[in-house]
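Here's the letter readout for the chains.
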Amino acid sequence: SEIFGFSGGHNISFKFAKNSGQYEYVWLLNNDSFPDEKALQRLVKFSENHKPCISGSVIMEYDQTDVIQDLGTKVITSIKGYKATTIDDSKDGNSILVHAVCGASMLVDIAIINRDIIFDENFFLYVEENELGYRCAKLGINSYIVLNSRIFHKGSAGLGKESAIKRYYLVRNLLYLKRKHFSTLSVAFSLLHLG
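Residues numbered from 1 in each chain as written. Predicted model: local features only at pLDDT ≥ 70, side-chain atom pairs only at ≥ 80, totals over all residues. Heavy atoms only, no water.

K.L.:
Just checking my understanding: could you explain a nonpolar patch on the surface for this structure?
P.N.:
A grouping of Ile3, Phe4 and Ile12 is seen on the molecular surface, where their side chains present a nonpolar patch of about 330 Å² in accessible area. With respect to the helices, strands and loops of the structure, Ile3 is situated in the segment before α1 (5-20). (Patch = residues over 30% accessible without salt bridge, like charges linked within 9 Å, V, L, I, M, F, W, Y side chains within 5 Å. Areas by Shrake-Rupley, 256 points an atom, 1.4 Å probe, with all protein chains shown as cover. Salt bridge = Lys/Arg side-chain N within 4 Å of Asp/Glu carboxyl O. Helix = DSSP H or I, 4+ residues; strand = E, 2+ residues; numbered from the N terminus.)

K.L.:
Hey, could you run me through the pattern of salt bridges in this one?
P.N.:
Once their charged atoms are close, side chains differing in charge can pair, the charge on each being opposite to the other. This structure, assessed with the given rule, holds 6 salt bridges. A salt bridge links Lys180 to Glu131; its shortest N-O distance comes to 2.8 Å. Of this pair, Lys180 sits in helix α5 (residues 164-181) while Glu131 sits in helix α4 (residues 128-138), placing them 49 residues apart in sequence. With relative accessibility at 35%, the residue Lys180 sits in the partly exposed group. Here the salt bridges do not stand alone but share partners, grouping Asp120, Glu131, Arg135 and Lys180 into one network. (Buried < 20%, exposed > 50% of the residue type's maximum accessible area, 1.4 Å probe, protein only.)

K.L.:
How should the packing of aromatic side chains be read in this particular structure?
P.N.:
What describes a pair of aromatic rings is the distance from one ring centre to the other and the angle between the planes of the rings. Applying the stated criterion across every chain yields a total of 9 aromatic pairs. The aromatic ring of Tyr62 is capped on one face by Lys154, whose charged end is 5.0 Å from the ring centroid. (Phe/Tyr/Trp six-rings, centres within 6.5 Å; stacked < 30°, edge-to-face > 60°. Lys NZ or Arg CZ within 6 Å of the ring centre and 35° of its normal.)

K.L.:
Can you walk me through the environment of His99 in this structure?
P.N.:
Topologically, His99 is positioned in the loop between β7 (95-98) and β8 (105-109). Distance from His99 to Cys136, taken between C-alpha atoms, is 8.4 Å for residues 37 residues apart in sequence. Excluding residues within four positions of it along the chain, His99 makes contact with Thr73, Lys74, Val75, Ile76, Gly133, Tyr134, Ala137 and Ser143. (Contact = heavy atoms within 4.5 Å.)

K.L.:
Explain unusual backbone geometry here, please?
P.N.:
Only a minority of non-glycine residues have a phi that is not negative, and only a minority of peptide bonds are not trans. Residue Pro52 is bonded to the preceding Lys51 through a cis peptide linkage, with omega at -20°. Within the secondary structure, Pro52 sits in the loop between α2 (39-48) and β3 (53-61). In this structure, Phe124 takes a positive phi of about 70° despite not being glycine. Positionally, Phe124 belongs in the loop between α3 (110-113) and α4. The backbone phi angle of Val127 is positive, close to 75°, even though this residue is not glycine. Position of Val127 among the secondary structure elements: in the loop between α3 and α4.

K.L.:
Looking at this structure, I do not really get the side chain of His10. What am I missing?
P.N.:
Note that His10 resides in helix α1. Using a relative accessible area of 18% as the deciding quantity, one classes His10 as buried. Every residue in contact with His10, bar those within four places of it in the chain, is listed here: Leu28 and Phe119.

K.L.:
Please explain the environment of Asp36 as it appears in this structure.
P.N.:
On the secondary structure map, Asp36 appears in the loop between β2 (33-35) and α2. The class for Asp36 is partly exposed, based on a relative accessible area of 23%. For the pair formed by Asp36 and Ser149, sequence separation is 113 residues and the distance between their alpha carbons is 7.5 Å. When near neighbours in sequence (up to four residues on either side) are disregarded, Asp36 contacts Arg42, Asn148, Arg150 and Phe152. A polar contact of 2.8 Å, which involves the side chain of Asp36, links it to the backbone nitrogen of Ala39. (Polar contact = N/O pair within 3.5 Å; in protein donor to acceptor, adjacent residues only side chain to side chain.)

What follows is the structure in structure tokens.
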């Protein structure tokens, strides 16, 4: 994945699954993520009742197992970029409808992949799952956080939490997402607020 990045590396698995015709789902799980024993089973069970969809786990801090690290992206907007989800966004206590799930644990229905809806490899790493979820939402394909599926994620194990490379890709890719889906004005607004 160092050559292809997160986007390109996972697109290889998507294409393999599509061409084999043997898989119903592809589960993306970061190498620094540790799922609870029923995390995948619960994602599949939920997804069976919401086809086709993308479903994701609640991402917990690895060393503080009662602290939520990520609940997906609630909404992607042209001006602010995207807004994080909170537990209060759940309508039924079982799931949260989001624009995008965290790529650390993401279950993708093969029906989505069969439509050639895959990651934009221009992102390389960071923000790509937000852009994929946004594209899916525009096509009427929902993304959900499944609240009883949990993984424990070290986070930034490869680059480090304060890495300049991480910061570069986060800023670069947010601007790219805005340029791709929104107006030049939204990109200019972001540049004004990066300092």
